[in-house]
Number of protein chains: 2
Amino acid sequence: MRFIDNPFQCPVTRTMSIIGGKWKPIILNCIADKTIRFGKLNQLMPAISNKVLSKELKDLETLGLIERMEYDELPPRVEYKLTAAGLSLMPVLMEVANWGNSHFAKSIVS
Amino acid sequence: MRFIDNPFQCPVTRTMSIIGGKWKPIILNCIADKTIRFGKLNQLMPAISNKVLSKELKDLETLGLIERMEYDELPPRVEYKLTAAGLSLMPVLMEVANWGNSHFAKSIVS
DNA sequence: CAGTATCCCAAAGGATACTG
DNA sequence: CAGTATCCTTTGGGATACTG
């Protein structure tokens with residue numbers, strides 16, 4: 001129980017540091033089982049700023065949850081997709097979503 | 001898929017706003033199936049400041065995840081325990097922890 | 001098209017001292 | 001004992017303009 005001294009040794013906290021941000025779960029959900037381009041992601045999430053989207057994608061790549069594929073074309077093309085690790089997160093996100101739905105269903109706008 | 005415009009309509013994001021903080025999952029875990037006093041929690045988590053602990057507890061109470069019981073004694077005694085909703089979160093936290101353990105096991109100090 | 005660069009703001013969290 | 005009050009630093013995120 002050492003994480004009581006240092007929360008970042010707690011597996012929950014470490015996972016949260018990955019998916020706990022405002023946009024990361026949504027980005028993962030937008031990628032899902034597709035390969036998708038930067039611009040398409042931006043279009044799916046009009047409220048995210050350019051800077052934040054690119055930073056989040058970098059984070060996710062560094063964590064090994066998504067793969068970035070750059071094609072040598074003009075205009076440039078970059079595609080993202082989930083890695084096996086990224087895919088393995090999806091069921092966890094579903095559990096989290098299920099809890100959110102069953103306990104705060106009133107405020108949902110679908 | 002409206003949450004793409006407003007992440008707080010996303011059930012994952014809403015759940016994260018509850019358990020995504022630095023301390024809330026740890027607090028819930030420290031309470032677990034016990035009733036526990038403020039001072040005891042502070043002692044279990046020496047790294048959390050007084051102010052933050054009391055704020056987090058208030059948040060969790062407002063959310064209906066814990067119950068606060070105040071006894072009219074001197075010195076004062078206050079005890080906290082999980083509500084049914086709070087308990088229902090524990091399996092979700094376990095899933096999250098399991099993922100964290102299986103994907104980042106190297107950095108764990110137990 | 002897929003980003004950077006720059007500047008800015010709000011919110012989270014922390015340290016310390018104090019109180020009914 | 002169980003908190004408040006005050007002040008401060010850090011972090012996350014956003015707006016906008018620019019570029020290879």
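Residues numbered from 1 in each chain as written. Chains lettered and ligands numbered in written order. Predicted model: local features only at pLDDT ≥ 70, side-chain atom pairs only at ≥ 80, totals over all residues. Heavy atoms only, no water.

- An unreviewed UniProt entry lists chain A under the name Helix-turn-helix domain-containing protein, from Aquirufa regiilacus.

Side note on the protein's contact with DNA strand C
No. 1: Near DNA strand C, the surroundings consist of 19 residues, among which Lys58, Arg68 and Tyr80 of chain A together with Lys22 and Lys51 of chain B are the closest.
No. 2: Looking at DNA strand C alone, sugar and phosphate atoms form 57% of those within 4 Å of the protein.
No. 3: For DNA strand C, a phosphate oxygen lies 2.6 Å from a polar atom in the side chain of Lys58 of chain A.
No. 4: With respect to DNA strand C, the side chain of Trp23 of chain B contributes an N or O atom lying 3.0 Å from a phosphate oxygen.
No. 5: When residues of the surface near DNA strand C are traced back to their parent elements, those giving at least two are helix H3 (38-44), helix H4 (50-62) and strand E3 (77-82) of chain A together with helix H4 (50-62) of chain B.
No. 6: For the surface near DNA strand C, the class distribution of residues is 8 nonpolar, 4 polar and 7 charged. (Near = heavy atom within 4 Å. Polar contact = N/O pair within 3.5 Å; in protein donor to acceptor, adjacent residues only side chain to side chain. Helix = DSSP H or I, 4+ residues; strand = E, 2+ residues; numbered from the N terminus. Nonpolar A, V, L, I, M, F, W, Y, C, P; charged D, E, K, R; others polar.)

Focus: the environment of Ile31 of chain B
No. 1: Tracing the chain through its elements places Ile31 of chain B in helix H2 (residues 24-31).
No. 2: Ignoring anything within four residues of it in the chain, the contact list for Ile31 of chain B reads Ile36, Leu41, Ile66, Tyr80, Lys81 and Leu82 of chain B. (Contact = heavy atoms within 4.5 Å.)

Focus on helix H2 (residues 24-31) of chain A
No. 1: Of all 8 residues that make up H2 of chain A, 7 are buried, and the element is covered over most of its length.
No. 2: Ala32 of chain A, located one to two residues past H2 of chain A, shows a positive phi value of around 50°. (Buried < 20%, exposed > 50% of the residue type's maximum accessible area, 1.4 Å probe, protein only.)

Brief notes about the sheet that holds strand E1 (residues 36-37) of chain A
Residues and elements named next belong to chain A.
No. 1: The sheet built from 3 strands is open, its strands ordered E1-E3-E2 with antiparallel pairing. Sheet topology places E1 and strand E2 (66-71) at the edges, where each strand pairs with a single neighbour.
No. 2: As paired elements, E2 and E3 share 6 bridges and run antiparallel to each other. Along E3, the bridge assignment pairs Arg68 with Tyr80.
No. 3: This element, H2, spans E1, E2 and E3 of the sheet and lies at about 100° to E3. (Pairing = 2+ DSSP bridges. Axes fitted to C-alpha atoms, helices over the stretch in contact; angles between N-to-C directions.)

Concerning the sheet that holds strand E2 (residues 66-71) of chain B
All names here are of chain B.
No. 1: Across the sheet, 3 strands lie side by side as E1-E3-E2; this open sheet has antiparallel pairing. Of all strands in the sheet, those with a lone pairing partner are strand E1 (36-37) and E2, marking the two edges.
No. 2: Pairing of E1 with strand E3 (residues 77-82) involves 2 bridges; the strand directions are antiparallel. Bridged to Arg37 within E3 is Glu79.

Some remarks on the packing of aromatic side chains
No. 1: Tallying each qualifying case throughout the model produces 0 aromatic pairs over all chains.
No. 2: The aromatic ring of Tyr71 of chain A is capped on one face by Arg77 of chain A, whose charged end is 4.0 Å from the ring centroid. (Phe/Tyr/Trp six-rings, centres within 6.5 Å; stacked < 30°, edge-to-face > 60°. Lys NZ or Arg CZ within 6 Å of the ring centre and 35° of its normal.)

Some details on the protein's contact with DNA strand D
No. 1: The full set close to DNA strand D counts 19 residues, and Lys22 and Lys51 of chain A together with Lys58, Arg68 and Tyr80 of chain B are the nearest of them.
No. 2: Each atom of DNA strand D within 4 Å of the protein belongs either to a base or to sugar and phosphate, the latter forming 57%.
No. 3: Contacts to DNA strand D include Lys22 of chain A, whose side-chain N or O atom sits 2.7 Å from a phosphate oxygen.
No. 4: Between Asn50 of chain B and DNA strand D, the recorded distance is 3.1 Å, taken from a side-chain N or O atom to a base nitrogen.
No. 5: Mapped by element, the contributors of at least two residues to the surface near DNA strand D are H4 of chain A together with helix H3 (38-44), H4 and E3 of chain B.
No. 6: For the surface near DNA strand D, the element with the highest residue contribution is H4 of chain B, accounting for 4 residues.
No. 7: Class assignment of the residues belonging to the surface near DNA strand D gives a composition of 8 nonpolar, 4 polar and 7 charged.

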